[in-house]
Every structure is written in structure tokens, then in C-alpha cells.
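# A look at the structure
Each chain is listed here by its residues.
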Amino acid sequence: MVEGRSISVNLQKGLRTVLAAGLALAAAGCGTFNHYPLGMEQTTLGPLRTGQQTDYRKTFRKRAKKSNAGALFALEWGRTAQLAGDFKASRDAFEKAFAAIEDLDNRAVVSARGAAAQGGAVLVNDKTIPYAVPAYERTLAHHYQALNYLALGDLTGAGVEVRRANREQEQALQRREKEVAKAKSKTENVAPDDERDPHLGAVYAGLDQAAGAVKSSFQNAATFFTSAVIWEMLGELNDAYIDVKKALEIAPENHFLQLDAVRLAKRLGMREDLEDYERRFPRAAKMPAAGSDKLADKARLVVVFEDGLVPPRVEMSIPYPLTSTDSIGMIALPTYAAPVPPAAPVRVALDGRPLASTAPICNVGALAARALAEQMPGILARQLVRAVAKGAAAKAAHDQGGSAGQLVELAVLIYSLASEQADLRSWLTLPAHVQVFSAYVEPGDRQVALAGSGPAWAGPVTLRAGKTTLIHVTHIDLAVYSHVFVQP
Amino acid sequence: MKIPLNWIAAAALAALLAGCATTVEYGDATSSKPISTSFGSSDLQQIAATMVDSMLADEVLQDISQAGPPLLIVDKVKNKTMQHIDTESVTDSIRTKLIRSRKFSFQDRTTEAALQEELAYQQAAAKDPIAGGQQDAPRYMLTSNLSEIEQEQGRLKDVYYKFTMSLRDLQSGRLIWADEKEIRKQKTRSVFGG
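Quick notes on the rules
- Residues numbered from 1 in each chain as written.
- Chains lettered and ligands numbered in written order.
- Predicted model: local features only at pLDDT ≥ 70, side-chain atom pairs only at ≥ 80, totals over all residues.
- Helix = DSSP H or I, 4+ residues; strand = E, 2+ residues; numbered from the N terminus.
- Buried ≥ 20, exposed ≤ 12 C-beta atoms within 10 Å, placed from the backbone.
- Contact = placed C-beta atoms within 7 Å.
- Pairing = 2+ DSSP bridges.
- Axes fitted to C-alpha atoms, helices over the stretch in contact; angles between N-to-C directions.
- Left-handed = near helix turned anticlockwise from the far one by under 90°.
- Nonpolar A, V, L, I, M, F, W, Y, C, P; charged D, E, K, R; others polar.
- pLDDT = per-residue confidence, 0-100.
- Core = buried A, V, L, I, M, F, W, Y, C linked by C-beta atoms within 7 Å.
- Expected span 1.5 Å × (residues − 1).

## Remarks on the overall build of chain B
Along its length, chain B carries 5 helices and 8 strands. Starting at the N terminus, the α and β elements of chain B follow one another as α-β-α-α-β-β-α-β-α-β-β-β-β. Per-residue burial over chain B gives 15% buried out of 194 residues. Pairs at least 24 apart in sequence give 68% of the contacts found in chain B among residues at least 6 apart.

## Description of the overall build of chain A
Tallying secondary structure elements over chain A gives 16 helices and 12 strands in all. A burial count over chain A gives 44% of its 488 residues as buried. Counted over contacts in chain A with a minimum sequence separation of 6, partners at least 24 positions apart contribute 68%.

## As for the pairing of strand β9 (residues 444–451) of chain A
All names here are of chain A. With 4 bridges connecting them, strand β5 (residues 347–350) and β9 associate as antiparallel partners. Note on β9: the bridge partner recorded for Leu-350 is Val-448. As judged from the 7 bridges shared by β9 and strand β10 (residues 457–463), these two strands associate in the antiparallel manner. Counterpart to Gln-447 in the pairing with β10 is Pro-460.

## What about the environment of Trp-77 of chain A?
All names here are of chain A. Looking at the secondary structure, you find Trp-77 in helix α4 (residues 70–83). C-alpha of Trp-77 to C-alpha of Ser-90: the two residues are 13 residues apart in sequence and 6.9 Å apart in space. When residues no more than four places from it in sequence are discounted, the contact partners of Trp-77 are Tyr-56, Phe-60, Ala-64 and Ala-93.

## Focus: the packing of helix α11 (residues 237–250) of chain A against helix α12 (residues 255–268) of chain A
All names here are of chain A. Interaxial distance between α11 and α12 falls to 9 Å at its minimum, and their mutual angle equals 145°. Helix-helix and strand crossings are classified by hand; for α11 and α12 the assignment is left-handed. Contacts between α11 and α12 pair Leu-237, Asn-238, Ala-240, Tyr-241, Val-244, Lys-245, Ala-247 and Leu-248 from the former with Leu-257, Gln-258, Asp-260, Ala-261, Leu-264, Ala-265, Arg-267 and Leu-268 from the latter. Residue composition of the contact of α11 with α12, grouped by class: 11 nonpolar, 2 polar and 3 charged.

## Quick notes on the sheet that holds strand β6 (residues 353–357) of chain A
Whether parallel or antiparallel, the strands of a sheet pair through hydrogen bonds between backbone atoms. Residues and elements named next belong to chain A. Across the sheet, 4 strands lie side by side as β6-β5-β9-β10; this open sheet has antiparallel pairing. Strands with a single pairing partner mark the edges of an open sheet, and in this sheet they are β6 and β10. Between one strand and the next, the sheet's axes are offset by a mean angle of 30°, whatever the strand orientation.

## Thoughts on the sheet that holds strand β11 (residues 468–476) of chain A
Residue and element names in this part refer to chain A. Pairing in this open sheet of 5 strands is mixed, and the strands run β7-β8-β2-β11-β12 from one edge to the other. Every other strand in the sheet has two partners, leaving β7 (359–363) and β12 (479–486) as the edge strands with one partner each. Taking the axes of each pair of neighbouring strands and ignoring which way they run, one obtains an average angle of 20° across the sheet. Relative to β11, strand β2 (residues 299–307) is paired through 8 bridges, and the arrangement is parallel. Looking across to β11, one finds that Asp-307 is bridged to His-475.

## Focus on the confidence of the model for chain B
Interpretation of this model should avoid reading the predicted coordinates in detail wherever pLDDT is low. Residue and element names in this part refer to chain B. Predicted confidence across chain B gives a mean pLDDT of 80, with 80% of residues reaching 70 or more. Of all secondary-structure elements in chain B, the lowest mean pLDDT belongs to helix α1 (residues 5–18), at 54, while strand β2 (residues 71–74) reaches the highest, 92. Low pLDDT (under 50) marks residues 15–20, which in the prediction has 7 contacts with non-local residues, meaning those over four places away or in another chain. Overall fold confidence for the complex sits at a pTM of 0.82, while the interface term, ipTM, reaches 0.73.

## Thoughts on the nonpolar core
With 117 residues, the main nonpolar core has Ala-71, Ala-74, Ala-97, Phe-225, Ala-247 and Val-303 of chain A as its most contacted residues. Beyond its immediate chain neighbours, meaning those up to four positions away, Phe-225 of chain A contacts Ala-247, Leu-257, Ile-361 and Val-436 of chain A.

## Focus on the environment of His-35 of chain A
By the element assignment, His-35 of chain A lies in the loop between α1 (11–29) and α2 (36–50). In this structure, the C-alpha to C-alpha distance between His-35 of chain A and Arg-386 of chain A, residues 351 residues apart in sequence, is 20 Å.

## Notes on helix α7 (residues 135–151) of chain A
All names here are of chain A. Between its terminal C-alpha atoms α7 stretches 25 Å, which fits the 24 Å expected from 17 residues at 1.5 Å a residue. Among the 17 residues in α7, 17 count as buried, and that is most of the element. Downstream of α7 by a residue or two, Gly-153 has a phi angle that is positive, lying close to 80°.

## Some thoughts on unusual backbone geometry
Although it is not a glycine, Asp-351 of chain A adopts a positive phi angle of roughly 50°. Taking the C-beta count within 10 Å as the criterion, Asp-351 of chain A has 11 such neighbours and is therefore assigned exposed.

Okay, here's the thing in C-alpha cells:
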């Protein structure tokens, strides 16, 4: 708590304060990335939308090393390099991100660096706190790193990343269960989400709209699906089946997951599961067993189609009653403005013959919104401490009276307004939606085409009997990025 | 009794220092000093040496090497962990130790392409070429798996590695020897630190 009246002011000191406030203002305004979404738009997202080259090395190299959002910049770097097809640079960037994340996770519970950053956050804003990478971003980082290893022909390495992605989801689930249990022990039958601050209605409304039906911020069926594809490439059918089951729990309406579940359950002799699937998914029940004669001489064609970009956070200023100073303060909070448009499936054709359309498997924008909603109580608590501290400083200056006091009051006011910014950082090169397709087809050198509302993709693809070919297509506005992974 | 102030200060300092460092240690006490919970080079050497020693000391080896050192093929160690480990290097360590024991004989499969080329050249150009299909077939196969289980509880991180090795008779298909070794590492995040 700041004790306002203990501040004594003379003219010289007042001038110094004005100078300090001016400096703080200048510092807050410097650098392309002061406003994170804007900085990303100018350097990276804009060019990505039109298919122009991005200078990812120049944009992210220094920032990934030095800034307090080093992990985040490294994630953006990894994703941008991967879209450009530079898998080695992407792999190295993700490794940097993992090292930065581990460093943050390994910090002492009460660390000097952490305390300094938190202190800074109280005085300025949340952007001075090191960026804490949420679980869904950690999982997706390992997901993309697995693709890097796959592209570089290291299937074992891809397996390692798939295990790590699984671990992230597992740990996030455990943390969440603990939080729910803790909340329940405090107040009977209340989930943490129900402890919402009533003054934050507008903020939560935006988040709820963006999150839609998604109930969990970290359960990501796209990663489980990709994991299962890699497990099958490694010949680990049991692991593949477990991940297909997890994906199916999250996205039960996805027809391709239903087919995979039936195919693997038949192969592994999971009789009870199979009966359940046949009852729930009659359309998928006829799928033959994995490795059976009917599929043995066929090739597996998998399409992962990513559409759009995850929406950026926006700032919302809301009035909030400050009980300790008996006044109303303005606090700035991050939220999501508009819901992401629903996923638009694309038609997959082989040699000009239509096969089927892709099916939605993950709404990344919804995961981001749900994650922000879960972080909101912490963000609000810090904002309130800040609002109270700033309010107390202004009141002290006002009470001082005289020209010096007015000068300081003005400085404090300008500083408060200028420094009051919501933390809008999040991994922005992620897609908005992920959709998948999978089929068993005749092997050979074939032509695959995707057609939807946006720009189409078509290309030659090698399909080998008993092997998987994964076509990874990312559609961002006017641009299409693709890579074909053929099982080694 | 009156306790001197500097004693209290010293005790407080000691308590503070004890809480200062993030510690990593083996679940079982061993001589080597771990620096992280990752699978490092000393773990690798330790595991390869222990497993090979265990196999060489087993009675089964006396039985199968009665008619001279049998031909063995060493399969690449399978990495089922959450870390990028150069398992080729572990495999090399195991093979080298076995070669030095002189209990087995080996074929070099890494130069297979060069060998094929040489045989083809001999067929085409040599006076008395070595005909293909005359090599001895390996009788035994050594396979290994390295897996990992990780658990986190509050400040404590517990990582458990298990290395399994088995020797198979390719003629009968039987497993004639198997052993496993576990390494457990624990890490505690400190309460105070930089």
C-alpha cells in the first residue's frame, strides 16, 4: 500500500518527477513492439497475409534473446520460419523458446528477477512482467516442432516432440484439476470460472463469445490427431490409438477421428470400445482394421488445413470502484473483440476426383480466449494494485497544493494515463482454425487439390503403399503456405 | 538463556542460503554429480557399461559361446523419452564395449553401401570375385529401449528413466537374456533465488 501523505514535494523534486514521467512516457512509446499486435502486424502478419517474404531473423533474433517476452518472440520466429519452409531455422527458434520457457519455469518460487518484474508491473503495467506462455501455446509449439523434425527426416525426433506435447496437455489438466479442487474447498460447488468479478461483465462477454463452446483452454484435438499420425508412422499403434481417443473426446463429431478410432480399435482388439463406436458412429463402423488386407496395399493421405490467423487481444478500459481510496478508477484489461468466423471446410480432390471435405478439429482462437478468461483474476488483481497506487500518488500531489503540487499532480495524471495499458501479448502467427482430412488411396504419383472459399492449393504428391503422406496447408488471407511430408 | 544476536543472524543466513539453490539429485546415491534432470552423457556411459557388464557376467553367455564367439547384431537403441538423445552414440558405446570383451563377433552394417559397390565391382572386373550371398548370418540380436516417466508435484520434479536390453536367439526366436536399469533424478525448485 502506498502511503500518500508521506510524499513531501518541493519545486525541484516536482520538476524531477515531471522529467521522470516524461522519460517513462518516452520509454513506453519506444520500439515497434510497444503495442504487440501492431508490431507483429507491421513486421510479420502483414507480409504473411499477402505471401511476401518476412525478415524473421532480423525481426526476432535480438528480441528472442533480450526482451522480457523472449519466449514469445522465439515462438513467432519458429512459426514464421516454418511457414517459409526453413525447417532448420524454425527448429532452432523453437529450441530457444523451450529454453526460455524452462528458464522461467525453473526460477525460484521467490526470485529477485521475478520480484523486480512484478514491482515494475505495479508501477507501470503488465507488459513489464516476463511473458508467461499459456499451456495451449506450449502444446502447439511442440506440435510444430514435431513437424520440423518430420520435415528434416528425423521420425524419432518427431516422436520426442509428440511426447512433450502430450506432457504439456497432461500437466495443464492436472493444474486445472487442482485449481478447481482448491476453489471447491473454498466455496462449495463453485468452479473458478464462477468466481467472476461482476464489474468485468463486458470483458468476460467478449471472451465468452470468442471461446464459444470450447470448455478447456488447453485440450487441443489437432495436436492429438497429428500425434496419432506420427505414432502410426513410428509403428506405435497403441500410442496412436490413445491419442485418437483423446482427440475424439474433444471433437466427437469429427468423422475422420471416428474412422481412425474404429480402424485402430479393430486392429488392437478393443472390443468394448468398438461396440461403443459402432453404436455412436454407424457411418464409420465399416472402416477396416489397420494393417488388414484391404488397407495393406493402400497409401494413407492426410491433410492438415490451417485457416486464418488467431485474433489479437484488444484493450478495454472499464471503470472500477477502488474501495481503498473510495473512488472510481479506470483500469485497462485485455479481451477479445469479435468471435472468430466459423471454420470453412475445403474439398479435397485426388487426380480431379473429389474425395471429401476437411472437418474442423481445433478452434485456436477459442483456446486463446478461454486461456485469457482463466488468467483474468490474476490480471485484475495486479491492475487494481496499480490503480490504487497511482490514485494515491495523484491524491498526495493534490493535497500538497501550490504550483509545485499542481505540476506533480499533472505529471502523475499523465503518467497514469500513459502507462495504463493492457497486456496484449499472445502468439499471433498461430492459425485461427485447424481442419483435417484422412483417407486410404491407391499409391503412386498423384495430384491432390484443395478447393474452398479462399485461394486453392494443388500439387503433385507421392503416395507409397503402407506409408503416410501428410499435406500441411496454411491459408492466410491471400497467401497459401504448404509442405508435403512423406513418411521416411 | 540469552541467545547472542549474531547467532540468530548466522542461523537465519544459513537457513536463507540453504533455500537459495535449485537442487538436482539422483534418487539413488551415486558417485557422479548430476547437473540437470536431462539424460546426460554420464548417464549414458553409466547405463551402457552396467547393462553390458550384466550381460557378459550372465551364465547364458558361457552356453552360447562354447563353439567360439557367436555373431551378434546390435540394433539401434529406441528412444522413447521426451528428450532428443543421440541413441546412435549409446549404441556405439554398447557395441564397442562388447567388441572389446571378445565374447562376440560382429559385422559392420554401417558400410553396407560401400560393400555392395565393391562386390558389384568385383563381379564386373575381378579375376576371382567373391560371390554374393556367402556371408555368415548373425545368430543373435541385441535390442534396447530407453523410456522416461516424468512427474511434477509442486516444487519437486521427478524424472525416471528406464533402460531395457534383451538378447534374442534369431534361430529359435527365443529371448535368452534381458535386464533393465533405472535412473531416477529429482529436482527441487528453490524457494529463494535470482
